[in-house]
Amino acid sequence: MSKVTITVNGREMSGEAEGRTLLVSFLREALGLTGTHVGCDTSQCGACVVHVDGKAVKSCTMLAMEAEGAEVTTVEGMADADGSLGVIQQAFQDHHGLQCGFCTPGMVMSTAALLKDNPTPSEAEIRAYLDGNICRCTGYHNIVRAVMAASGQDVSGLGVVAAE
Amino acid sequence: MPKDGGIGASPKRREDIRFLTGEGVYTDDIQLQGQCFAYFVRSTVAHGTIGTIDTAATEAMPGVLAVFTGEDFKDVGGNPAGWLINSRDGTPMREPKRPVLAHGKVRHVGDAYAAVIAETYAQAKDAAEQLAADSEIEDLPAIVDMAAAVANADNRVHDEIPDNLCFDWGWVEDNRAAVDEAIKNAPHVTTLELVNNRLVPNAMEPRASIGEYFPGTGDYKLTTTSQNPHLHRLLISAFVMGIPENKLTVVAPDVGGGFGSKIYHYGEEALVLAAAKKLKRPVRWTAERSESFLTDAHGRDHVTKIELACEEDGTFIAFRTETLANVGAYLSNFATATPTFLHGTLMAGPYKVPNVYVNLKTVFTNTAPVDAYRGAGRPEATYSLERVIDKMCRELELDPFEVRRKNFITPDMFPYTTPVGLVYDTGDYNATLDKAMEMADVDGFEDRRAESAARGKLRGMGLSTWIEACGIAPSNLVGVLGSRVGLYDAATVRVNATGNISVMTGAHSHGQGHETVFPQIVAEKLGIDPASVEIVHGDTSKIPFGMGSYGSRSLAVAGSAMNNAVDKIIAKGKKIAAHMLEASEDDITFEDGNFAVAGTDKSLSFGEVAFSAYVPHNYPLETLEPGLEETSFYDPGNFTYPAGAYLCEVEVCPETGKVDVVAFYCADDFGNVMNPLIVEGQVHGGVGQGIGQALCEQTTYDADGQLLSASYMDYAMPRADDVPFYQVDYSCNTPCTHNPLGVKGCGEAGAIGSPPAVINAVVDALNSGGFTHITHIDMPVTPSRVWTAMQAQ
């Protein structure tokens, strides 16, 4: 076991890791940040997406030791400073972009990475970008709408939505 | 009535805050002092005899605390089937024992025959690898193909079951001769052989369990990924482990999707409890995704021949089906109900067909158990019917819309008894079809087809008019049909002394939004702020005995129980108010959150009455107990019958065979709608899963019983770019006539109605492109399958 120190959501944190410990396990088990989820064992589902030094990474594809000294952002760090939901989180709630919530942390983190590079993505661009994040509940409809809304686009005509 | 957030409103979901901020608590998020880890040793062969398992080297490995094998559980009970089905000859189904850990034989790849408990997960996994190497498993020939399984009497999944048949069921057997005769004499018969592809539910949260044992009291606690914690407790207590029900608490915290797969009790749950008792430490297990693929109960897997007899004008005369349904290696808890009473009973569809006969044989194979997956039997019925109707329309050159209209049961015919034993209470199938056609601009389709053709694509349109039975169901009826459980649900409404409310429900929310919707109903009825109502669910030590959430039953059954418990609260409140206001109870009205004396200005708020119930100084103690808490158990009078019309448009690339779903329209009748936003989300999700079944999802076992599609790299889950935006409407409501909320259920509709709409559209597209030899194509319509079909011209 070795000591690994990373800065998570602006706070320096340390924990013990084996050589084979994945970053996602380190976050969840050593640091107690269980918002990042594990939905598969082949780096396909995207439930574990976090940002490492500003880039979206599936944290099951990286060893904890590789993250030594890195700046990591997880879903726990996505709220505004006053604790209220950030823009992306709020859009997901407003547009019912989540049901069981298990894929949601990865969806939020992937969305943040997408909007950083492409502030007003088209529907097709969003669908293509989220190809690495699987959701079994929503049929993606309201996730795509939430991402568009988070980027300031009008989504009122996309699907018959009596609720809004 | 509450100003906002009552019935029919779409408040923001309150559970979203914790899910969006990483504060949700799923089973694997829970860390306990002193915990240790289980890892299961699973069969790598589909069928084999278990020889010596030498545990010595494993037990000596670092961190190993205990090793369990099937021998340790040979004297405890088996995991039972919840529904007894009799064969056509009256003999009961064959029920082989399903042990906690395989004993004697392994029967599918992934069948756990041992478990290792160690200090860390990695140590448990390493040691399990050692144990696998030290286990003698003698390979036996695998039984994978259903037809071969039935034909081959010598090769048996269970030694005591000679033909691998669980049962041979006829529904309704008395219809058989008349249906045979009708088909023989009919002017036209369309025959279709089809496969309803085997699916893996794939809730995004893998199954997980934590067992705890408290030596000081002898209590056990199981924290697990369950859709129905009381059902889990009952199965573990009464059938498998023999732990007294009152000494076992089952908690299902936040659960990341279920879709049926988390209804059932699995051996891992019993193992962690047994290990916790032995070690007196918490024992935890979380499935890896590959374990989910290998061991979660799969769905569908029917091979069906359906015949539709009709007049030359398309008027239906009779339907007849013969189906082989796979149950896998063991009977999962609902495995025998799913292909029978959730499938055969729906085989009349929304149609006034005079007669129907269903024959269904369930077959044991060396594959994972198969059970209810979103829709559960009803998607299989709908797919068979809507596909054969589409084929018949093509053969007779009839308009598929008009054929449906000609055969629909009409609103003047309710209650309507079908030839397969259900009594539909209400519906308007022409209304939903009209709405779907309007939404889809059917008249403009040929223009869209021309536009697609200009881009080199074949465009097709497919229709599906579906019905289902949900809100399961009257206990006395299902008892006659073989159910071994009751199917009521329960709610306790506790008005706290300060006037706010805790509702303990037997339903379980694993994505459905109960914590938001249920308060809307309570608040509406009591005229109070929904924010003052809290939903408590998922903990057997807190909630009344309810049967949980599956089969689109939460609102129709548990919601009705909650409604009735609130009615009891109001009734007691009237008694209290009558005393306080010095009036006759008959003169007390309750409106907008106030108890009032009719015709006067004397009134009390709900909060004042609640306070009086808990501080009963001015209170009729001689005739009325203090407190304000009521429980209701609700047993439905009938199933509910949601129905609707779905239209799908696809584009097929004639060069590659790739199918794109370019538009999808849903017009549904769910009865009264409590929360439109959540209803829409349920439809979206169901349609997404149905499109997944139609386009890409395929569970593949090879001839040796190896699961070739055991990861997300091999099993094609629908992704965001596989589906379009869906257009959803639920305005054509005919409220359910027999539950107090008039609701029908919406959770499974999308998965039931959508697959045939997609395939009908694909066949339409291919025929429009000149591939008229293609009368059917099995799901999933992968590019290679479509391309191959096109080449066969």
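All of these numbers come straight from a predicted model, not from anything done at the bench. (Residues numbered from 1 in each chain as written. Chains lettered and ligands numbered in written order. Predicted model: local features only at pLDDT ≥ 70, side-chain atom pairs only at ≥ 80, totals over all residues. Heavy atoms only, no water.)

What to know about the overall build of chain A
For step 1, the next point in the chain: The secondary structure content of chain A amounts to 5 helices and 5 strands.
For step 2, the next point in the chain: Its helices and strands in sequence order give chain A the pattern β-β-α-β-β-β-α-α-α-α, from N to C terminus.
For step 3, the next point in the chain: A principal-axis box enclosing the C-alpha atoms of chain A has dimensions of 55 × 35 × 25 Å.
For step 4, the next point in the chain: In chain A, buried positions account for 60% of the 164 residues.
For step 5, the next point in the chain: For chain A, contacts bridging at least 24 residues in sequence account for 53% of all contacts bridging at least 6. (Helix = DSSP H or I, 4+ residues; strand = E, 2+ residues; numbered from the N terminus. Buried < 20%, exposed > 50% of the residue type's maximum accessible area, 1.4 Å probe, protein only. Contact = heavy atoms within 4.5 Å.)

Some thoughts on the sheet that holds strand β2 (residues 11–17) of chain A
Residue and element names in this part refer to chain A.
For step 1, the next point in the chain: The mixed open sheet is built from 5 strands, whose spatial order is β2-β1-β5-β3-β4. Either end of the sheet is taken by a strand with one partner, and the two such strands are β2 and β4 (55–58). Taking the axes of each pair of neighbouring strands and ignoring which way they run, one obtains an average angle of 40° across the sheet.
For step 2, the next point in the chain: Pairing of strand β1 (residues 2–8) with β2 involves 7 bridges; the strand directions are antiparallel. When the bridges of β2 are listed, Thr5 appears paired with Ser14.
For step 3, the next point in the chain: Sheet contacts for helix α1 (residues 23–30): β1, β2, β3 (49–52) and β5 (71–73); angle to β2, the most-contacted strand, approximately 105°.
For step 4, the next point in the chain: The sheet strands contacting helix α3 (residues 104–117) are β3, β4 and β5, and the helix crosses β3 at an angle near 40°. (Pairing = 2+ DSSP bridges. Axes fitted to C-alpha atoms, helices over the stretch in contact; angles between N-to-C directions.)

Digging into the interface of chain A and chain B
For step 1, the next point in the chain: Listed by partner, the interface residues are 56 residues for chain A and 59 residues for chain B.
For step 2, the next point in the chain: Across the chain A to chain B interface the summed buried area is about 4,800 Å²; carbon plus sulfur atoms make up 57%.
For step 3, the next point in the chain: Taken together, the connections running from chain A to chain B amount to 5 salt bridges.
For step 4, the next point in the chain: Residue Asp29(B) pairs with Arg28(A) through a salt bridge whose shortest N-O separation is 2.7 Å.
For step 5, the next point in the chain: One can count 27 residue pairs in polar contact (both at pLDDT 80 or more) joining chain A with chain B. (Buried area = accessible area lost by both parts, 1.4 Å probe. Salt bridge = Lys/Arg side-chain N within 4 Å of Asp/Glu carboxyl O. Polar contact = N/O pair within 3.5 Å; in protein donor to acceptor, adjacent residues only side chain to side chain.)

Points about the packing of helix α15 (residues 554–580) of chain B against helix α16 (residues 606–614) of chain B
Residue and element names in this part refer to chain B.
For step 1, the next point in the chain: One can describe the packing of α15 onto α16 by two numbers: an axis separation of 10 Å at closest approach and a directional angle of 85°. With respect to each other, α15 and α16 are oriented roughly perpendicular. Residue-level inspection shows Ile569, Gly573, Ile576, Ala577 and Met580 of α15 in contact with α16, the latter providing Phe606, Glu608, Val609, Ser612 and Ala613.
For step 2, the next point in the chain: Among the residues forming the contact of α15 with α16, the class breakdown is 7 nonpolar, 2 polar and 1 charged. (Parallel < 35°, antiparallel > 145°, perpendicular 65-115°, else oblique. Nonpolar A, V, L, I, M, F, W, Y, C, P; charged D, E, K, R; others polar.)

Points about the packing of aromatic side chains
All names here are of chain B.
For step 1, the next point in the chain: A complete count under the given rule lists 27 aromatic pairs over all chains for this structure.
For step 2, the next point in the chain: With 5.8 Å between their ring centres and 80° between their planes, Tyr646 and Phe664 make a pair best called edge-to-face. One end of the pair, Tyr646, is in strand β26 (residues 643–652); the other, Phe664, is in strand β27 (residues 659–669), with 18 residues separating them in the sequence.
For step 3, the next point in the chain: Following the ring pairs from residue to residue traces out a cluster consisting of Phe316, Phe319, Tyr351, Phe408, Phe414 and Tyr429. (Phe/Tyr/Trp six-rings, centres within 6.5 Å; stacked < 30°, edge-to-face > 60°.)

A closer look at helix α9 (residues 378–396) of chain B
Residue and element names in this part refer to chain B.
For step 1, the next point in the chain: Helix length check: α9, at 19 residues, gives a terminal C-alpha distance of 27 Å against a target of 27 Å (1.5 Å per residue), a fit within 8%.
For step 2, the next point in the chain: Of all 19 residues in α9, 17 are buried, a share of seventy percent or more.
For step 3, the next point in the chain: Trailing α9 by a residue or two, Glu397 shows a phi angle of about 55°, which is positive. (Expected span 1.5 Å × (residues − 1).)

Remarks on empty space enclosed by the protein
All names here are of chain B.
For step 1, the next point in the chain: Tallied over the full model, the rule gives 8 cavities of 30 Å³ or more.
For step 2, the next point in the chain: The volume enclosed by the largest cavity comes to roughly 720 Å³.
For step 3, the next point in the chain: Looking at the lining of the largest cavity, the elements with two or more residues in it are α14 (514–526), α15 and α17 (676–695).
For step 4, the next point in the chain: Residues of the lining of the largest cavity, tallied by class, amount to 26 nonpolar, 19 polar and 5 charged.
For step 5, the next point in the chain: Empty space within the second largest cavity amounts to approximately 240 Å³.
For step 6, the next point in the chain: Looking at the second largest cavity, it is lined by 23 residues, and the ones nearest its centre are Arg98, Pro99, Val100, Asp111 and Gly267.
For step 7, the next point in the chain: When residues of the lining of the second largest cavity are traced back to their parent elements, those giving at least two are β1 (36–42) and α7 (267–279). (1 Å grid on protein atoms, 1.4 Å probe; cavity = no way out; pocket = protein on both sides within 12 Å on 5 of 7 lines; lining within 4 Å. Points joined across faces, edges and corners; volume = space filled by probe spheres on them.)

Notes on the nonpolar core
For step 1, the next point in the chain: With 208 residues, the main nonpolar core has Phe92(A), Tyr424(B) and Phe664(B) as its most contacted residues.
For step 2, the next point in the chain: In contact with Tyr424(B), not counting residues within four places along its chain, are Leu346(B), Ala348(B), Gly349(B), Ile409(B), Phe414(B), Pro415(B), Tyr416(B), Thr418(B), Tyr429(B), Ile467(B) and Tyr641(B).
For step 3, the next point in the chain: Counting 45 residues, the second largest nonpolar core, distinct from the first, contains Val517(B), Ala556(B), Ile569(B) and Phe590(B). (Core = buried A, V, L, I, M, F, W, Y, C linked by side-chain atoms within 4.5 Å.)

Some words on the layout of surface pockets
For step 1, the next point in the chain: Considered as a void within the structure, the largest pocket measures approximately 1,300 Å³ in volume.
For step 2, the next point in the chain: Elements that contribute at least two residues to the lining of the largest pocket include exactly β2 and α1 of chain A together with β1, α3 (121–133), β12 (283–286) and α8 (289–295) of chain B.
For step 3, the next point in the chain: Considering each element in turn, the lining of the largest pocket owes the most residues, 6 residues, to α1(A).

With respect to the domain arrangement of chain B
Accessible area lost on assembly of the parts is the figure often given for the size of an interface.
Residue and element names in this part refer to chain B.
For step 1, the next point in the chain: What the domain assignment reports for chain B is domain 1 (16–22 + 488–634), domain 2 (32–140 + 206–256 + 262–293), domain 3 (148–204 + 296–407) and domain 4 (427–465 + 640–793).
For step 2, the next point in the chain: Facing 16 residues of domain 1, the contacting portion of domain 4 comprises 15 residues.
For step 3, the next point in the chain: Carbon and sulfur atoms supply 61% of the area that domain 1 and domain 4 bury against each other, a total of about 1,100 Å² over both sides.
For step 4, the next point in the chain: In terms of surface lost to domain 4, no three residues of domain 1 exceed Ser552, Leu555 and Ala556, which account for 35% of the buried area on that side.
For step 5, the next point in the chain: For the pair domain 1 and domain 4, the number of links is 0 salt bridges. (Domains from an automatic or database assignment.)

Concerning the sheet that holds strand β10 (residues 219–224) of chain B
All names here are of chain B.
For step 1, the next point in the chain: Spatial strand order, β3-β5-β1-β12-β9-β10-β11: 7 strands in an open sheet with mixed pairing. For this open sheet the edge positions go to β3 (64–69) and β11 (248–251), each flanked by a neighbour on one side alone. Shown here is a sheet whose adjacent strand axes are inclined to one another by a mean of 20°, direction ignored.
For step 2, the next point in the chain: Across the face of the sheet, α7 comes into contact with β1, β3, β5 (112–118), β9 (208–214), β10, β11 and β12 while running at roughly 30° to β9.

Thoughts on the pairing of β4(A)
Residues and elements named next belong to chain A.
For step 1, the next point in the chain: Where β3 lies against β4, 4 bridges are found, and the strand directions are antiparallel. From the neighbouring strand, Val49 faces β4, where its bridge partner is Lys58.
For step 2, the next point in the chain: Taking the residues between adjacent antiparallel strands as the criterion, β3 and β4 are bridged by 2 residues, where Asp53 takes a positive phi near 50°.

A closer look at the domain arrangement of chain A
Residue and element names in this part refer to chain A.
For step 1, the next point in the chain: By the assigned domains, chain A splits into domain 1 (2–77) and domain 2 (87–150).
For step 2, the next point in the chain: Spacing between the C-alpha centres of domain 1 and domain 2 amounts to 21 Å.
For step 3, the next point in the chain: Roughly 1,100 Å² of surface becomes buried between domain 1 and domain 2 when both sides are summed, with 62% attributable to carbon and sulfur atoms.
For step 4, the next point in the chain: In this structure, the connection of domain 1 to domain 2 is made through 0 salt bridges.

Thoughts on the side chain of Ser209(B)
Residue and element names in this part refer to chain B.
For step 1, the next point in the chain: Within the element layout of this structure, Ser209 appears in strand β9.
For step 2, the next point in the chain: Side chain to side chain, Ser209 and Thr224 meet in a polar contact 2.9 Å long.
For step 3, the next point in the chain: What Ser209 contacts, discounting residues up to four positions off in sequence, is Thr27, Leu222, Thr223, Thr224, Glu269, Val272, Val283, Arg284 and Trp285.

Thoughts on unusual backbone geometry
Residue and element names in this part refer to chain B.
For step 1, the next point in the chain: Residue Pro415 follows Phe414 across a cis peptide bond; omega there is -5°.
For step 2, the next point in the chain: Inspection of the secondary structure puts Pro415 in the loop between α10 (400–407) and β16 (416–417).
For step 3, the next point in the chain: With an omega of -5°, the peptide bond between Met779 and Pro780 qualifies as cis.
For step 4, the next point in the chain: Here Pro780 lies in the loop between α18 (749–768) and α19 (783–791).
For step 5, the next point in the chain: The backbone of Phe259 sits at a positive phi, close to 60°, despite the residue not being glycine.
For step 6, the next point in the chain: Looking at the secondary structure, you find Phe259 in the loop between β11 and α7.
For step 7, the next point in the chain: Phe259 gets classed as buried once you look at its relative accessible area, which sits at 13%.

Points about the UniProt feature "domain: Aldehyde oxidase/xanthine dehydrogenase a/b hammerhead" (unreviewed entry) in chain B
For step 1, the next point in the chain: Annotation from UniProt places "domain: Aldehyde oxidase/xanthine dehydrogenase a/b hammerhead" (unreviewed entry) at residues 21–141 of chain B.
For step 2, the next point in the chain: The span residues 21–141 of chain B shows a helical share of 14% and a strand share of 27%, and its end C-alpha atoms are spaced 51 Å apart. (UniProt positions renumbered as here; feature names shortened; annotations may be inferred.)

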